[in-house]
Structure formats: C-alpha cells, structure tokens
Amino acid sequence: MTRRIRDWMLGLSGVLLLAIVGLAVQRQSTAQNYRQPTTPTLFFHGGGSSYHAETHMVAAARRAGVTHTVVRAMVSRTGKVTMVGQIPKGAINPIVGVNYADNRQLNYAVHGQWATNVVRTLQRRYHFKAINMVGHSLGNMSPIYYLLQHDRDSRLPVLQKQVAIAGHFAGLNFKQVPASIQQPRGLTLDAAGKPNRMNATYRQMTQLRRTLPRHQLRVLNLYGNIGGQTDGTVPNVSSLSLKYLVAKRAQSYTERQITGRLARHSQLHSNPTVDRQLIKFLWQK
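Cut-off values and rules
- Residues numbered from 1 in each chain as written.
- Predicted model: local features only at pLDDT ≥ 70, side-chain atom pairs only at ≥ 80, totals over all residues.
- Heavy atoms only, no water.
- Helix = DSSP H or I, 4+ residues; strand = E, 2+ residues; numbered from the N terminus.
- Buried < 20%, exposed > 50% of the residue type's maximum accessible area, 1.4 Å probe, protein only.
- Areas by Shrake-Rupley, 256 points an atom, 1.4 Å probe, with all protein chains shown as cover.
- Pairing = 2+ DSSP bridges.
- Axes fitted to C-alpha atoms, helices over the stretch in contact; angles between N-to-C directions.
- Contact = heavy atoms within 4.5 Å.
- Expected span 1.5 Å × (residues − 1).
- Polar contact = N/O pair within 3.5 Å; in protein donor to acceptor, adjacent residues only side chain to side chain.
- Core = buried A, V, L, I, M, F, W, Y, C linked by side-chain atoms within 4.5 Å.
- Salt bridge = Lys/Arg side-chain N within 4 Å of Asp/Glu carboxyl O.
- Parallel < 35°, antiparallel > 145°, perpendicular 65-115°, else oblique.
- Left-handed = near helix turned anticlockwise from the far one by under 90°.

**Q** Could you clarify how one ought to interpret the overall build of the protein in this entry?
**A** What the protein contains, in helices and strands, is nine helices and eight strands. Counting every position in the protein, which comprises 285 residues, the buried fraction comes to 50%. As displayed, the protein offers around 14,100 Å² of accessible surface, 51% of which is attributable to carbon and sulfur atoms.

See the structure below:
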C-alpha cells in the first residue's frame, strides 16, 4: 500500500468518524428537544382527499427528528382496516396516516366508527394505552365522534392530545349538504364559544360538555384567516365553536390563528407555521 493511498484511507476514516459522531450528537439533541413516548399520533385527512394530504405535516415531523416510524391505515368503504407497514417495538412517537376510501362520507357517526376500527386494530397489534389525533377539515369529525362514542370506555386507548385544523364544527355553509350539518345563518359565538344557533349535529356534539373526561385531553385548534374571518371555505366562527364543546372539561384548550399566503383552507395542511405549531404542541418538551 502506497503512502498516498494510506493517507487517503485515513482521511476517509476520519470523515466517516466525524459523520457518525455528528449523527449521534444530532440524535441526542433531538432526544433532548422532544418527548420520547411510544404513543402513536393518528392523522385524518379532509373530505375528498386522502393520506397524501397528510404527508407534508408528517414529513416535517420526520425532518425535525420527532420520529422515524410512519405507517398507514387504509380504511375500506365498509370500515375494514388494512395496515401498511409495521411499528417496531419501542418506536418513538410513531405516526399513523389514516386513509378513508369513502372520503366524502357526511355521516359523522360513521367517521367515529372508522376511527375506532383503526384504534382497535392498533391496540390489538401493539397494545397502546394512549393516542393522539390530528384532523384537517372533515377529518376533525373522527376525533370528535371517537370521543362521543367511547369517551368512557376504559378498554380503549386514552385520547391525550387533539389537534384540530380548519374544523367546521358548527357546520358548513354549502347548500348541497344536509340540513343537519349546514351552518346556521347569522352564526355568532359568545365568549365561551357557544353558537347562537345550533344545527342537529352540533347539538349532538354538545354531549361532550357532560361526558368528556375531566382534565384528560389537551386541544390545539388551528384555523386560517385569509381576510373576512374565513379560510376561504370555513368561516372562523365554525372552527372556533370547538371551544364550547371541549374547553370546559379539557386539561387545556388553545387557539391559534394562521394568516398569510398559506392560510387558505386547502393549504393549511401544507403550511410551515402549522407544522411548527403541531410539532411543538404534540412532541416538544
């Protein structure tokens, strides 16, 4: 071996060693920045969409070093769950992207059942005791109706944290949707977030004011305002009506308004500000 080749190999070994040390330091820094539980976080997409809408937020979490484990739960039109990928034992902050084949289902109780099917599938395989949920638009009905249907069922994992993005809790102002989920005309909220008028679905959701376990759930409510108190699809009053449903009994309830170029309804799940708020709330120490 010539001296030149030996020096080159020593130099290469040094570079590799520095890279390994740098990676170790980065991982240690990540561990110091973020909580390290094995609690999974489930992402629910909006109406007419798919798990692809969740990929920007999921990718941001991976880049930040929150987790290295991302799997997918495919839910058929009949509610059957097929898992894509596996969660290794002891995986830190695993993420589950949920995909509904029937992505325009407007019976919110069905969303609750589908979410339950996903949770039960995860529970059977991995024995989780707690979960987090993130919803965008129509995807917010999965956490809400999971809570409505199972908030006192000790056999299921506890919902610890919920992130609501662009939720239409008080209703949608589209003429083509059923009256039970239409936003009432002249909708206003009082200081507690209580709507002056309620459609049938919202009245059903108010059950949470009596049944939500006290001081268990932490909630972050993110909504966009492109001007005129709307994200271009959902008026802010509809999003902010979540407060009346959960704030009274939740461990914490926080609202954050998102403005700027990517505050529009369909862009909020691809908004770096949303990414930062979500990562901070769910995982940061």
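**Q** Before we go on, may I ask you to explain unusual backbone geometry in this structure?
**A** Only a minority of non-glycine residues have a phi that is not negative, and only a minority of peptide bonds are not trans. One non-glycine residue with positive phi stands out, namely Asn93, at about 50°. Relative to the elements of secondary structure, Asn93 occurs in the loop between β3 (81-84) and β4 (95-100). For Asn93, a relative accessible area of 0% puts it in the buried group. Look at Ser137: it is not a glycine, yet its phi comes out positive at around 60°. If you trace the backbone, Ser137 turns up in the loop between β5 (130-136) and α4 (141-150).

**Q** When you look at the sheet that holds β3 in this model, what are you seeing that I'm missing?
**A** Sheets are built from strands paired through backbone hydrogen bonds, the pairs being either parallel or antiparallel. Read from one edge of the open sheet, eight strands run β3-β2-β4-β1-β5-β6-β7-β8, paired in mixed fashion. On the outer flanks of this sheet lie β3 and β8 (252-258), each paired with one strand and no other. Averaged over all pairs of adjacent strands, the angle between their axes in this sheet comes to 20°, without regard to strand direction. Across four bridges, strand β1 (residues 41-44) lies against β4 in parallel orientation. From the neighbouring strand, Thr41 faces β4, where its bridge partner is Ile95. Across the sheet, helix α3 (residues 108-126) lies against β1, β2 (70-75), β3, β4 and β5, angled at about 50° from β3, the strand it touches most. Relative to the sheet, helix α9 (residues 272-283) contacts β1, β4, β5, β6 (158-165), β7 (218-224) and β8, its axis offset from that of β6 by approximately 165°.

**Q** Whenever I open this one, α9 confuses me. Can you help?
**A** Owing to its 3.6 residues per turn, the α-helix aligns residues three or four sequence positions apart on the same side. With twelve residues, α9 should cover 16 Å at 1.5 Å per step; its first-to-last C-alpha distance of 16 Å lies within 8% of that length. Turning to α9, its buried residues are Val274, Asp275, Leu278, Ile279, Phe281, Leu282 and Trp283. Regarding α9, its N-cap is Asn271, as a side-chain oxygen of that residue lies 2.8 Å from the backbone nitrogen of Thr273 further along.

**Q** I tried to follow the nonpolar core on my own but got confused; where do I start?
**A** A general tendency of soluble globular proteins is for nonpolar side chains to be buried together. Core analysis: the biggest nonpolar cluster contains 49 residues, and Leu42, Val96, Met205 and Leu242 have the highest contact counts within it. The contacts of Leu242, once residues within four sequence positions are left out, are Ile144, Ala164, Phe169, Val219, Asn221 and Tyr253. Counting 23 residues, the second largest nonpolar core, distinct from the first, contains Tyr34, Ala166, Leu220 and Trp283.

**Q** What should I look at first to understand the pattern of salt bridges in this one?
**A** Where charged atoms from two side chains of opposite charge come close, those side chains can pair. Per the stated rule, a full pass over the model turns up two salt bridges. Asp102 is the partner of Arg77 in a salt bridge, and the nearest nitrogen-oxygen pair spans 3.6 Å. Placement of the pair is Arg77 in the loop between β2 and β3 and Asp102 in the loop between β4 and α3, with a sequence separation of 25 residues. For Asp153, the salt bridge is made with Arg155, and the minimal N-O distance between the two is 3.0 Å. The exposure class of Asp153 is buried, given its relative accessible area of 16%. Its relative accessible area of 64% is what places Arg155 among the exposed residues.

**Q** Please explain the packing of helix α2 (residues 55-64) against α9 as it appears in this structure.
**A** One way to put it is that α2 packs onto α9 with a least axis distance of 10 Å and a crossing angle of 60°. With respect to their mutual orientation, α2 and α9 come out oblique. When you trace α2 past α9, the crossing you get is right-handed. In contact with His56, Met57, Ala60, Ala61 and Ala64 of α2, α9 contributes Pro272, Val274, Asp275, Leu278, Ile279 and Trp283.

**Q** Hey, could you run me through the environment of Ala101 in this one?
**A** Along the chain, Ala101 turns up in the loop between β4 and α3. Along the backbone, Ala101 and Ser76 are 25 residues apart, and their C-alpha atoms lie at a distance of 5.2 Å. Beyond its immediate sequence surroundings of up to four residues, Ala101 is in contact with Val75, Ser76 and Arg77.

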